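The residues making up each chain are set out below.
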Amino acid sequence: VQLQASGGGLVQAGGSLRLSCEVSGRPFGGYVGGWFRQAPGKEREFVAAIFISGSTRTNVDSVKGRFTISRDNAKNTMYLQMTSLKPEDTAVYYCAAVSYCSGYNCYDSGRYDYWGQGTQVTVSS
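All values derive from a computational prediction rather than experimental measurement. (Residues numbered from 1 in each chain as written. Predicted model: local features only at pLDDT ≥ 70, side-chain atom pairs only at ≥ 80, totals over all residues. Heavy atoms only, no water.)

Caption draft 1: Looking closely at the pairing of strand β11 (residues 119–124). Side chains T119, V121 and V123 project from β11 onto a buried face, and the interleaved Q120, T122 and S124 project onto a face without burial. Where strand β2 (residues 9–12) and β11 come together, four bridges link them in parallel fashion. Directly across from V11, in β11, lies its bridge partner V123. With three bridges joining them, strand β9 (residues 91–98) and β11 adopt antiparallel strand pairing. By the bridge assignment for β11, A91 is matched with V121. (Buried < 20%, exposed > 50% of the residue type's maximum accessible area, 1.4 Å probe, protein only. Helix = DSSP H or I, 4+ residues; strand = E, 2+ residues; numbered from the N terminus. Pairing = 2+ DSSP bridges.)

Caption draft 2: Quick peek at the side chain of R37. Of note, R37 is situated in strand β4 (residues 32–38). Reaching out from R37, the side chain makes a polar contact with the side chain of D89 at a distance of 3.0 Å. In this structure R37 touches E43, R44, E45, V47, V60, S62, V63, F67, D89, A91, V92 and Y93, once residues within four positions along its chain are discounted. (Polar contact = N/O pair within 3.5 Å; in protein donor to acceptor, adjacent residues only side chain to side chain. Contact = heavy atoms within 4.5 Å.)

Caption draft 3: A look at the pattern of salt bridges. Scanning the model with the defined rule gives four salt bridges in all. Across the pair D89 and R66 runs a salt bridge whose closest N-O atoms are separated by 2.8 Å. Remark: R66 occurs in the loop between β6 (56–57) and β7 (67–72) and D89 occurs in the loop between β8 (77–82) and β9; sequence separation between them is 23 residues. Where salt bridges share partners, they join R37, E45, R66 and D89 into one cluster. (Salt bridge = Lys/Arg side-chain N within 4 Å of Asp/Glu carboxyl O.)

Caption draft 4: View of the sheet that holds β7. Across the sheet, which stays open at both edges, the four strands sit in the order β1-β3-β8-β7 with antiparallel pairing between neighbours. Two strands lie at the open edges of the sheet, namely β1 (2–6) and β7, each paired on one side alone. Neighbour-to-neighbour, the strand axes of the sheet open up by a mean angle of 15 degrees, direction not taken into account. Note: β7 against β8, six bridges, orientation antiparallel. (Axes fitted to C-alpha atoms, helices over the stretch in contact; angles between N-to-C directions.)

Caption draft 5: Spotlight on the state of the cysteines. What the rule picks out here adds up to two disulfides. Between the sulfur atoms of C21 and its disulfide partner C95 the distance amounts to 2.2 Å. Across the S-S bond of C21 and C95 the torsion is about 70 degrees, and the bridge reads as right-handed. Here C95 lies in strand β9 and C21 lies in strand β3 (residues 17–24), a separation of 74 residues in the sequence. (Disulfide = S-S within 2.5 Å.)

Caption draft 6: Focus on the environment of L10. Summarising the element assignment, L10 is placed in strand β2. In this structure L10 comes out as exposed when scored by relative accessible area, which is 67%. Each C-alpha atom of the pair L10 and T68 lies 19 Å from the other, and the pair is 58 residues apart in sequence. Excluding its chain neighbours within four sequence positions, the residues that come into contact with L10 are T122 and S124.

Keep in mind that these numbers describe shape and distance, not what the molecule does.
As structure tokens, then:
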């Protein structure tokens, strides 16, 4: 399974971006997808996960109401719609996939088997 993240860039605070993660090698419909981010000097942080059923989960209060994870299994693609971006959202964003995880386990980057290369998101103030 290969993942290719795209859609990052430079945006002003308050702006929006949509990240895409294209999955190849296996049908994405059989995987849980996740988005993580890593800011300079910080550890990789869970952003959101989307389950095979389509249900979603995030534990990051700072992105709730602003970021939306979604999937299109027909296109083998996962998305992260980001709105009202803030400078503190600046990071490299990674997409990941795993055949199974549940509950809080899905917040753990170590649970994911497949990773994209990351896409840089920079939010200017």
